[in-house]
Amino acid sequence: MSPSFNALLCDLPRNEYELLTAKMELVYLSAGQTLFTVDEAPTHLYFPVGATVSMMIDLAGSPGLEINIFACECLVGFISAEHPSFYRASVRTSGLAYQLEMADFLNIKNECPTFLERIHLMTDRHINHVSISTLCHQHHQVTHQLVH
């Protein structure tokens, strides 16, 4: 499976695609696997091409709350690049992903302006999703949330 199955990587300018994918490794992610935890800085970025990964907020005495899902239209780990994560990344559905060492990404990121722009748009979409979900949970009954 090609890295281009990930929406952030497909149709990048050739030089950016080659820079990013030259250092990537195809890995199998198993359901339940933790990629990184709260207060841990991710060591890799993950580009799902088959797996799905949950963004989990852990609560004392509970299994945690899933606030977002990452799949082949995005990547995992960027929000916490260079600092400890505020969430736990847990593989929800087993499958393939490309991984890129964070250090390699940080070394080449300034040579990939189109890719960085896509990441920022993706981050905006995820923040919007979480905001709308929070608002909906705050103001609507569960039955209304399910219908809409």
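Please refer to the structure placed before this passage.
Rules of the game
- Residues numbered from 1 in each chain as written.
- Predicted model: local features only at pLDDT ≥ 70, side-chain atom pairs only at ≥ 80, totals over all residues.
- Heavy atoms only, no water.
- Pairing = 2+ DSSP bridges.
- Helix = DSSP H or I, 4+ residues; strand = E, 2+ residues; numbered from the N terminus.
- Axes fitted to C-alpha atoms, helices over the stretch in contact; angles between N-to-C directions.
- Buried < 20%, exposed > 50% of the residue type's maximum accessible area, 1.4 Å probe, protein only.
- Contact = heavy atoms within 4.5 Å.
- Salt bridge = Lys/Arg side-chain N within 4 Å of Asp/Glu carboxyl O.
- Phe/Tyr/Trp six-rings, centres within 6.5 Å; stacked < 30°, edge-to-face > 60°.

## Some words on the sheet that holds strand 6 (residues 88-93)
And then number 1: Taken in spatial order, the four strands of this open sheet run 2-6-4-5, and their pairing is antiparallel. The outermost strands of the open sheet, each flanked by one partner alone, are strand 2 (34-36) and strand 5 (65-70). For this sheet, the mean inter-axis angle between neighbouring strands, taken without regard to orientation, is 35 degrees.
And then number 2: In this sheet, strand 5 lies alongside strand 4 (residues 52-57) in antiparallel orientation, the contact comprising five bridges. Within strand 5, the position partnered with Val53 by the bridge is Phe70.

## Some thoughts on the environment of Cys10
And then number 1: Looking at the secondary structure, you find Cys10 in the segment before helix 1 (14-21).
And then number 2: Residue Cys10 is classed as partly exposed on the basis of its relative accessible area, which comes to 23%.
And then number 3: Expressed as a C-alpha distance, the spacing of Cys10 and Phe115, which sit 105 residues apart in the sequence, is 9.9 Å.
And then number 4: If near-sequence neighbours (up to four positions away) are discounted, Cys10 is found in contact with Ser4 and Arg118.

## Quick notes on the pattern of salt bridges
And then number 1: All told, the structure shown has three salt bridges when counted by the stated rule.
And then number 2: Of the charged contacts in the structure, one is a salt bridge between Arg14 and Glu18, with a shortest N-O distance of 3.0 Å. Taken together, the positions of Arg14 and Glu18, both in helix 1 and four residues apart, correspond to about one turn of that helix.
And then number 3: Overall, Arg14 belongs to the exposed group, its relative accessible area being 66%.
And then number 4: With a relative accessible area of 38%, Glu18 lands in the partly exposed category.
And then number 5: Of the charged contacts in the structure, one is a salt bridge between Arg92 and Glu66, with a shortest N-O distance of 3.5 Å. Highlighted residues: Arg92 in strand 6 and Glu66 in strand 5, separated in sequence by 26 residues.
And then number 6: Exposure remark for Arg92: the relative accessible area of 45% places this residue in the partly exposed category.

## Quick word on the packing of aromatic side chains
And then number 1: Per the stated rule, a full pass over the model turns up six aromatic pairs.
And then number 2: Each ring, one from Phe70 and one from Tyr87, has its centre 6.3 Å from the other, and the planes form 40 degrees; the classification is tilted. Of this pair, Phe70 sits in strand 5 while Tyr87 is found in the loop between strand 5 and strand 6, placing the two residues 17 residues apart along the sequence.
And then number 3: Residue classification places Phe70 among the buried positions, given a relative accessible area of 1%.
And then number 4: By relative accessible area, which is 0% here, Tyr87 ends up buried.
And then number 5: Ring plane angle 65 degrees and centroid distance 5.1 Å describe the contact between Phe86 and Tyr87, whose orientation is recorded as edge-to-face.
And then number 6: With relative accessibility at 46%, the residue Phe86 sits in the partly exposed group.

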